[in-house]
Amino acid sequence: MDFSFNDEQQMLLDSTRRFIAERYDFEHRNHVRATADGWSRDVWKQFGELGLLAINIPEADGGIGAGSVGTMLVSNAMGEGLLLEPFLSSAVLATHAIVQLGSAQQRGDWLPALATGESIAVLAHDEASTRFDVMHIETQAVRSGDGWRITGRKSLVYHAPAANLLLVSARVDKEIGLFAVPTDAAGVTLLPRTTVDEQRAADIVLDNVAAAASARLGEDVREALQVVLDQGLAALCAEAFGAMDRILAATIEYSRSRVQFGVPIGSFQALQHRMAEMLMHLEQARSMSYLATLRCTDTDPVARRTALSAAKVLMGQAARYIGQQAVQLHGGMGMTDELEVSHYFKRLLAFELRCGTTDEHLAVYHQQIR
Amino acid sequence: MDLDFSTVELAFRDEVRQFLAAELPADIRDRIVRGDHSHVREDTIRWQKILHAKGWGAPAWPVEFGGTGWSKTQQYIFETECALADAPAQLAFGIKMVAPVLMRYGSTEQQNRFLPRIRAADDWWCQGYSEPGSGSDLASLKMKAERDGDEYVLNGQKAWNTLGHFADWIFCLVRTDSSAKPQKGISFLLIDMKTSGITVRPTKLLDGSFEVNEIWFDNVRVPVTNRVGDENEGWTYAKFLLGHERTNIAGIGWSKRELRRLKSDSAKVSKDGRSLLEDPVFGGRIAQVEIELTALEITNMRVIFDEAAKKAPGPEASMLKIRGTEIMQRISELQMELLGASALAYAHDSDDSRATASYLNLRKLTIFGGSNEIQRNIIAHMILKL
Ligand SMILES: Cc1cc2nc3c(=O)[nH]c(=O)nc-3n(C[C@H](O)[C@H](O)[C@H](O)COP(=O)(O)OP(=O)(O)OC[C@H]3O[C@@H](n4cnc5c(N)ncnc54)[C@H](O)[C@@H]3O)c2cc1C
């Protein structure tokens, strides 16, 4: 048992935090979210220079290989800063998919550009039909000459508008295949959406899209894809923890400075108890974020699934309580777009709904224990 | 004892239902159903004028002021049926807030001047109580009104004025004596929003909506005749207003309507071969909130019954406010949970985002109108005498 971070991990956390504090304060974020893209290419390039986009690429493939703990710590910082860049989408989910499923050739073709930030990839898996069964997809790939033709519809893929490469899951008879499709391929249509936490996403319509034989990653990826999704979920949990940590800190700070009835509102015991409750939720969430991080690569699928679903359930509930109470304790100011608190609140709401909702993961967990 | 409405009350309910079926314009109803706020001003005014033409413009006012003379139970039935029929809510600031104060404390001239125009939706009123530094602690308000002959000169700022950008008039609490105890130096003023020196600035809320405003007053001159009651007695009138109009504080009609929607929507989402309404986990949560609503509805009726029996209005209103807003928020959570990941895509004022928009916006319910923490303080002090 060891809950400490080693020097490299601590350095990774510190340097990411420092970068965000210097380059990505709330004012800058307001500027970024108002741009047409809704994220900053400039920041993204600097992430590449700092090596943050290579932390999930093994050293053998020219990356840094910082492991799940490294990813957790960087994700913590991304959540603390409410970053809008496709770190989770490209540098975690898509990168893991390519690392774990790609051939040497494919890894060599795609990973270097992902590591510098020149290229952005997203995993396009979710569909309307995956809600209660993650692997139930309707998108189909059929053989056509040497290659494939893909048809289907993917829902709300975070950062798809930023990506030049889509990793599309599709049914191949009874198997699930994964195909790399350029975003500008003929037959691909992106329907842009903004999410409740003001990130950019898209529904993706694939109409008889051609993919070469060399575009397929691995064979039947059903099991492997679940591992990738679990690694992404662990990173999402870490990001949510960062947001929870900050929104509680902001609330405590506000309760010290806001005066009503001649005293700081933080002196009211009713509010002290509320913040004590928020802290307990936060610490339970931290424990579960560690669990998710340390189990997301577990080769035992049952141990992995139960751990990840348990983490998502408890952290989703913590996110709701902490988020709602933070708004409540800020009074009217908590309702405004002006303060950070509402933006953390919406990020935490998105966390509850993303990568399987609290209810959906409770059902998965229940499935495993019965 | 009897839990049911009398035959007379049931006949009244049918009359209200028939009226709503015949008179509520389809386009207005459609916007309420879709949660489309783009026509709030026009729809509220149009609907108020229809009610006014029927003689139902001011359900709670006494007949001598042009009200209906309905009993509290009838008022409750009316409001609940209106909500269930997807009618717009009447604008409370005029009809339910400033009007009762004018009827009780205003001069005859003020009553004649303002009340008919409120009932006929000729004037839009907004409420100017809160300030940036004075929310829960309202009595600490700072906006200054200095006497200059027949006028007051106003300087300061109000905050959170709901729909103030549509307002013709605002009723404000202002400080007329800074030397007295906070509650003692406050006066109640009626201010024409067209007066020079008033600036209205919208506040963007977390859901992307613009429904509240900040209002600045820079040497705004208001005739002394626009003061209600006595100088420095405004706090008494404000407190009177807070204790008033409790029949609908719990939002029972809204909750019943939205619960009905939640049930029919959840019957359409299927999981493992059955609907989410049939799903023991999700359906169970709907059942839970319905049970809580049933209890609150009966509690609400008990309060109405006591009021009708002329028992003094008590702090039970705090309980109706707390539980009522909790239930409304719970229903909005379930409406969002029903959508799962599709609740993530968000565009303010898009039909698809109705549930998410409502979840975000309704966080306000436990903050305004005396926050739920303040209401619990009232229960502790006034009922428990702690
Ligand atoms: C959407 C919206 C619409 C509004 N519309 C209007 C309007 O039309 N006109 C108008 O005048 N005002 C309006 N308000 C203002 C509203 O009345 C205030 O927001 C409310 O009174 C709370 O004040 P505050 O925002 O300053 O919060 P604060 O008073 O600063 O409260 C912050 C937190 O501290 C808690 N708190 C404060 N005192 C205590 C205590 N003694 N014990 C325990 N907890 C305490 C509060 O409950 C809250 O959680 C509106 C507000 C909102 C959000």
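In this text, all values refer to a predicted model and were calculated from it rather than measured experimentally. (Residues numbered from 1 in each chain as written. Chains lettered and ligands numbered in written order. Predicted model: local features only at pLDDT ≥ 70, side-chain atom pairs only at ≥ 80, totals over all residues. Heavy atoms only, no water.)

Caption draft 1: The arrangement of the overall build of chain B in detail. Helices and strands together make up the secondary structure of chain B, namely 12 helices and 10 strands. Computed over C-alpha atoms, the radius of gyration of chain B comes to 22 Å, within 12% of the 21 Å expected from 2.2 N^0.38 for 386 residues, which places it in the range of a compact globule. Overall, the C-alpha framework of chain B stretches about 75 × 50 × 50 Å when taken along its three principal axes. Looking at the 386 residues of chain B, the share that counts as buried comes to 51%. Of the contacts formed within chain B by residues at least 6 apart in sequence, a portion of 72% connects residues at least 24 apart. Here chain B displays about 17400 Å² of accessible surface, and carbon together with sulfur accounts for 53% of that area. Computing the positive centroid from 49 side-chain charges and the negative centroid from 53, chain B places the two 2 Å apart. (Helix = DSSP H or I, 4+ residues; strand = E, 2+ residues; numbered from the N terminus. Rg over C-alpha atoms; globule rule 2.2 N^0.38 Å. Buried < 20%, exposed > 50% of the residue type's maximum accessible area, 1.4 Å probe, protein only. Contact = heavy atoms within 4.5 Å. Areas by Shrake-Rupley, 256 points an atom, 1.4 Å probe, with all protein chains shown as cover. Lys, Arg positive; Asp, Glu negative; His and termini not counted. Charge placed at Lys NZ, Arg CZ, Asp CG, Glu CD.)

Caption draft 2: Main features of the overall build of chain A. When you go through chain A residue by residue, the secondary structure sums to 11 helices and 10 strands. In terms of C-alpha radius of gyration, chain A reaches 21 Å, essentially the compact-globule figure of 21 Å for 370 residues. Summarising its shape, the C-alpha atoms of chain A cover approximately 80 × 50 × 40 Å along the three principal directions. Counting all 370 residues of chain A, 57% fall into the buried class. Working note: accessible area of chain A is about 15100 Å², and carbon and sulfur atoms make up 51% of it. Considering chain A, the positive charge centre built from 33 side chains and the negative charge centre built from 45 side chains are found 4 Å apart.

Caption draft 3: The arrangement of the packing of helix 2 (residues 26-34) of chain A against helix 10 (residues 340-353) of chain A in detail. Residues and elements named next belong to chain A. Viewed as axis vectors pointing N to C, helix 2 and helix 10 meet at an angle of 60°, and their least axial separation amounts to 12 Å. It follows from the interaxial angle that helix 2 and helix 10 lie oblique. The handedness of the crossing between helix 2 and helix 10 comes out as left-handed. Every residue of helix 10 that contacts helix 2 at Phe-26, Arg-29 and Arg-33 is listed here: Glu-340, His-343 and Arg-347. Across the contact of helix 2 with helix 10, the residue classes break down as one nonpolar, one polar and four charged. (Axes fitted to C-alpha atoms, helices over the stretch in contact; angles between N-to-C directions. Parallel < 35°, antiparallel > 145°, perpendicular 65-115°, else oblique. Left-handed = near helix turned anticlockwise from the far one by under 90°. Nonpolar A, V, L, I, M, F, W, Y, C, P; charged D, E, K, R; others polar.)

Caption draft 4: View of the interface of chain A and chain B. Opposite the 37 residues of chain A that make contact, chain B presents 41 residues. Surface buried jointly by chain A and chain B totals about 3200 Å² across both partners, of which 60% is contributed by carbon and sulfur atoms. On the chain A side of the interface with chain B, the three residues burying the most area are Gln-328, Met-335 and Leu-353 of chain A, jointly 21% of the side's total. Counting the contacts that link chain A with chain B gives four salt bridges. Linking Glu-373 of chain B and Arg-274 of chain A is a salt bridge whose minimum nitrogen-to-oxygen distance equals 2.9 Å. (Buried area = accessible area lost by both parts, 1.4 Å probe. Salt bridge = Lys/Arg side-chain N within 4 Å of Asp/Glu carboxyl O.)

Caption draft 5: The site of the ligand, seen in detail. Every one of the 29 residues lining the ligand counts as a neighbour, but Arg-258 of chain A together with Ser-136, Trp-160, Thr-162 and Ser-371 of chain B are closest to it. Residue neighbours of the ligand fall on chains A and B, so the site bridges chains. Contact between the ligand and Ser-130 of chain B: a nitrogen atom at 2.8 Å from a side-chain N or O atom of the residue. Bound to the protein, the ligand loses 95% of the 970 Å² it would expose on its own. Taken together, the elements giving at least two residues each to the shell around the ligand come down to helix 9 (301-329) of chain A together with helix 12 (372-383) of chain B. The dominant element in the shell around the ligand, judged by the number of residues it contributes, is helix 12 of chain B, at three residues. (Near = heavy atom within 4 Å. Polar contact = N/O pair within 3.5 Å; in protein donor to acceptor, adjacent residues only side chain to side chain.)

Caption draft 6: Region of interest: the domain arrangement of chain A. Residues and elements named next belong to chain A. In terms of domain boundaries, chain A breaks down into domain 1 (7-119), domain 2 (122-217) and domain 3 (222-369). If you average the C-alpha positions of domain 2 and of domain 3, the two centres end up 29 Å apart. Listed per partner, the contact involves 14 residues of domain 2 and 12 residues of domain 3. Regarding the contact of domain 2 and domain 3, the summed buried area is about 1300 Å², with carbon and sulfur atoms giving 62% of it. Applying the counting criterion to the domain 2 and domain 3 interface returns two salt bridges. Across the salt bridge formed by Arg-131 and Glu-360, the nearest N and O atoms sit 3.1 Å from each other. The interface formed by domain 2 and domain 3 holds one residue pair in polar contact (both at pLDDT 80 or more) in total. Of the residues belonging to the side of domain 2 that touches domain 3, the class tally is seven nonpolar, three polar and four charged. (Domains from an automatic or database assignment.)

Caption draft 7: A look at helix 5 (residues 87-101) of chain A. Residues and elements named next belong to chain A. In this model, helix 5 (15 residues) spans 20 Å end to end at C-alpha, consistent with the 21 Å of a helix rising 1.5 Å per residue. Most pronounced at Thr-95, the bend in helix 5 amounts to some 30°. Taking burial as the measure, the 15 residues of helix 5 include 14 buried ones, the bulk of the element. (Expected span 1.5 Å × (residues − 1). Bend = angle between axes of the 7 residues up to and from the residue.)

Caption draft 8: Highlighting the domain arrangement of chain B. Domain assignment breaks chain B into domain 1 (7-90), domain 2 (125-233) and domain 3 (249-384). Using only C-alpha atoms to locate each centre, domain 1 of chain B and domain 2 of chain B end up separated by 30 Å.

Caption draft 9: Fine view of the pattern of salt bridges. In the structure shown here, the tally under the stated rule is 53 salt bridges over all chains. Close ionic contact of Glu-352 of chain A with Arg-320 of chain A constitutes a salt bridge, the shortest N to O distance being 2.9 Å. Taken together, the residues span a long stretch of sequence, with Glu-352 of chain A in helix 10 and Arg-320 of chain A in helix 9 at a distance of 32 residues. Both residues of the pair, Glu-352 of chain A and Arg-320 of chain A, count as buried. In this structure, the salt-bridge partner of Glu-290 of chain B is Lys-263 of chain B, at a minimum N-O distance of 2.5 Å. Taken together, the residues span a long stretch of sequence, with Glu-290 of chain B in helix 9 (residues 280-308) and Lys-263 of chain B in helix 8 (residues 252-266) at a distance of 27 residues. The class of Glu-290 of chain B is partly exposed, set by a relative accessible area of 30%. Of the residues examined, Lys-263 of chain B reaches a relative accessible area of 31% and is grouped as partly exposed. A single salt-bridge network, built from bridges that share partners, covers Arg-320, Glu-352 and Asp-359 of chain A together with Arg-285, Arg-330, Glu-333 and Glu-337 of chain B.

Caption draft 10: Region of the structure containing the pairing of strand 2 (residues 140-144) of chain A. Direction of pairing for strand 2 of chain A relative to strand 3 (residues 147-158) of chain A: antiparallel, over a ladder of five bridges. Opposite Val-142 of chain A, over in strand 3 of chain A, you have Arg-149 of chain A as the bridge partner. (Pairing = 2+ DSSP bridges.)

Caption draft 11: Structural detail: the packing of helix 1 (residues 7-23) of chain A against helix 4 (residues 67-80) of chain A. All names here are of chain A. Look at helix 1 against helix 4: their axes get within 9 Å of each other, and the N-to-C directions meet at 20°. Relative to helix 4, the element helix 1 lies roughly parallel. Viewed along their axes, helix 1 and helix 4 form a crossing whose handedness is right-handed. Contact residues: helix 1 offers Gln-9, Leu-12, Leu-13, Thr-16, Arg-17 and Ile-20, while helix 4 offers Val-69, Gly-70, Leu-73, Val-74, Ala-77, Met-78 and Glu-80.

Caption draft 12: Molecular detail of the environment of His-366 of chain A. Note on placement: His-366 of chain A falls in helix 11 (residues 358-369). Residue classification places His-366 of chain A among the partly exposed residues on the basis of a relative accessible area of 41%.

Caption draft 13: Expanded view of the packing of aromatic side chains. On inspection of all chains with the given rule, the structure shows 22 aromatic pairs over all chains. Their ring planes at 75° and their centres at 6.2 Å tell us that Phe-261 of chain A and Phe-268 of chain A sit as a pair that is edge-to-face. Residue classification places Phe-261 of chain A among the partly exposed positions, given a relative accessible area of 44%. For Phe-268 of chain A, a relative accessible area of 29% gives the class partly exposed. Geometrically, the ring pair formed by Trp-125 of chain B and Trp-169 of chain B is stacked, given 5.6 Å between the ring centres and 25° between the ring planes. Remark: Trp-169 of chain B occurs in strand 4 (residues 169-175) and Trp-125 of chain B occurs in strand 1 (residues 125-128); sequence separation between them is 44 residues. (Phe/Tyr/Trp six-rings, centres within 6.5 Å; stacked < 30°, edge-to-face > 60°.)

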